[in-house]
Amino acid sequence: GENVEQHPSTLSVQEGDSAVIKCTYSDSASNYFPWYKQELGKRPQLIIDIRSNVGEKKDQRIAVTLNKTAKHFSLHITETQPEDSAVYFCAASSDYGQNFVFGPGTRLSVLP
Amino acid sequence: IAGITQAPTSQILAAGRRMTLRCTQDMRHNAMYWYRQDLGLGLRLIHYSNTAGTTGKGEVPDGYSVSRANTDDFPLTLASAVPSQTSVYFCASNRGGGDTQYFGPGTRLTVL
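Below is a short write-up of the structure. (Residues numbered from 1 in each chain as written. Chains lettered and ligands numbered in written order. Predicted model: local features only at pLDDT ≥ 70, side-chain atom pairs only at ≥ 80, totals over all residues. Heavy atoms only, no water.)

### Some points on the overall build of chain B
For clarity, the cut-off: For helices the rule is a DSSP run of H or I covering at least 4 residues; for strands it is a run of E covering at least 2, with both sets numbered from the N terminus onward. What the globule rule says is 2.2 Å times the number of residues to the power 0.38, and the radius of gyration is computed from C-alpha atoms.
A count of helices and strands for chain B gives zero helices and eleven strands. Helices and strands in chain B line up, N terminus first, as β-β-β-β-β-β-β-β-β-β-β. Over its C-alpha trace chain B gives a radius of gyration of 13 Å, about what one expects of a compact globule, namely 13 Å for 112 residues. Seen through its C-alpha atoms, chain B measures out along the principal axes to roughly 35 × 25 × 25 Å.

### Re the interface of chain A and chain B
Condition: Contacts are assigned to residue pairs with any non-hydrogen atoms lying within 4.5 Å of each other. The term buried area means the drop in 1.4 Å probe accessible area that two parts suffer when joined, counted for both and summed. We count a salt bridge whenever a side-chain nitrogen from Lys or Arg sits within 4 Å of a carboxyl oxygen from Asp or Glu. We define a polar contact as two N or O atoms separated by no more than 3.5 Å, with the added condition that, inside protein, one atom must be a possible hydrogen donor and the other a possible acceptor, whereas residues neighbouring each other in sequence contribute only through side-chain atom pairs. Lys, Arg, Asp and Glu make up the charged group, whereas Ala, Val, Leu, Ile, Met, Phe, Trp, Tyr, Cys and Pro make up the nonpolar group; the residues left over, Gly among them, are polar.
In this assembly, 21 residues from chain A lie in contact with 21 residues from chain B. Summing both partners gives a buried area of about 1,600 Å² for chain A against chain B, and 54% of it is carried by carbon and sulfur. Where chain A meets chain B, there are zero salt bridges. In this structure, the connection of chain A to chain B is made through five residue pairs in polar contact (both at pLDDT 80 or more). Those elements that provide at least two residues to the side of chain A that touches chain B are strand E4 (32–38), strand E5 (45–51), strand E9 (86–93) and strand E10 (100–102) of chain A. Within the side of chain A that touches chain B, the residues separate by chemical class into nine nonpolar, six polar and six charged.

### A few points about the sheet that holds strand E8 (residues 72–77) of chain A
All names here are of chain A. Worth spelling out the cut-off: Strand pairing is assigned whenever DSSP identifies at least 2 bridges connecting the two strands. Helix axes are fitted to C-alpha atoms over the stretch in contact, other axes to C-alpha atoms as well, and angles between N-to-C directions run from 0 to 180 degrees.
If you trace the five strands from one edge of the open sheet to the other, you get E1-E3-E8-E7-E6, paired in antiparallel fashion. One side of each edge strand has no neighbouring strand; the edge strands of this open sheet are strand E1 (4–7) and strand E6 (56–59). Adjacent strand axes in the sheet meet at a mean angle of 15 degrees, parallel and antiparallel pairs treated alike. Relative to strand E7 (residues 62–67), E6 runs antiparallel, the two sharing four bridges. If you follow Lys 58 over to E7, its bridge partner there is Ala 63.

### Let's talk about the layout of surface pockets
This is how it is decided: Definitions used for this entry: grid spacing 1 Å over protein atoms alone; cavity, a set of points where a 1.4 Å probe fits but cannot get out; pocket, an open set with protein on both sides within 12 Å along at least 5 of 7 lines; lining residue, one with an atom within 4 Å of a point. Grid points are joined across faces, edges and corners, and a volume is the space filled by probe spheres set on the points.
The calculated volume of the largest pocket comes to roughly 630 Å³. Lining the largest pocket are 32 residues, and of these Gln 38 and Gly 41 of chain A together with Gln 37, Leu 39 and Gly 40 of chain B sit closest to its centre. For the lining of the largest pocket, the secondary structure elements donating two or more residues are E9 and strand E11 (106–111) of chain A together with strand E9 (87–94) and strand E11 (107–111) of chain B.

### Considerations on the pairing of strand E1 (residues 4–7) of chain B
Residues and elements named next belong to chain B. Heads up, the condition is: Partly exposed describes any residue whose relative accessible area lies between the buried limit of under 20% and the exposed limit of over 50%, with all areas from a 1.4 Å probe on protein chains only and scaled to the type maximum.
Here E1 shows a buried face lined by Ile 4 and Gln 6 and an unburied face lined by Thr 5 and Ala 7. The pairing of E1 with strand E3 (residues 19–25) spans four bridges and is classified as antiparallel. Counted as the bridge partner of Ile 4 is Gln 25 from E3.

So this is what it looks like as structure tokens:
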């Protein structure tokens, strides 16, 4: 089955700097890669996603890149703000419902 | 109802008691999922259902059962609760494999 690794597990950056979180996956059949943000005590919420036919996607300060050959994808947050502090989860999914696998998460702290 | 809801919000339960966590979605999503999230850790899949009438086991199914009698509801039952089942439980749904999952607000369960 699919296995998703995520690095780093914790990340601290100064406000205004960029943050990068990387994920690798094992199943070449995976074709959908979402990123979720979970604030303390809240539910995970989708912030951006990418499908396998696209190499990069951007939404304001957030971007995701995908390298299908190397089986890795990354989340990039530019001009970080304190409200970006949260736990971020990547996931990989194929067309089979049970194969939606989350990474272990990255705790991002943006220091003012 | 708008989206996906869970009940109760929180519960304290004596070990050995039976408990059913409720999950309802009004998005007509085919697939539904139950995850548990232990303190400071990631999401682990308990059970899933690709469509009404079918269910499957996830990563940590022992001690839990589910049913999917209709599209909207996906209850999770703990037949005889144990302290190790203390966790936050999230229900999620999507249209199917390879599609964004939307999460409910979670149920915080404490088993004493």
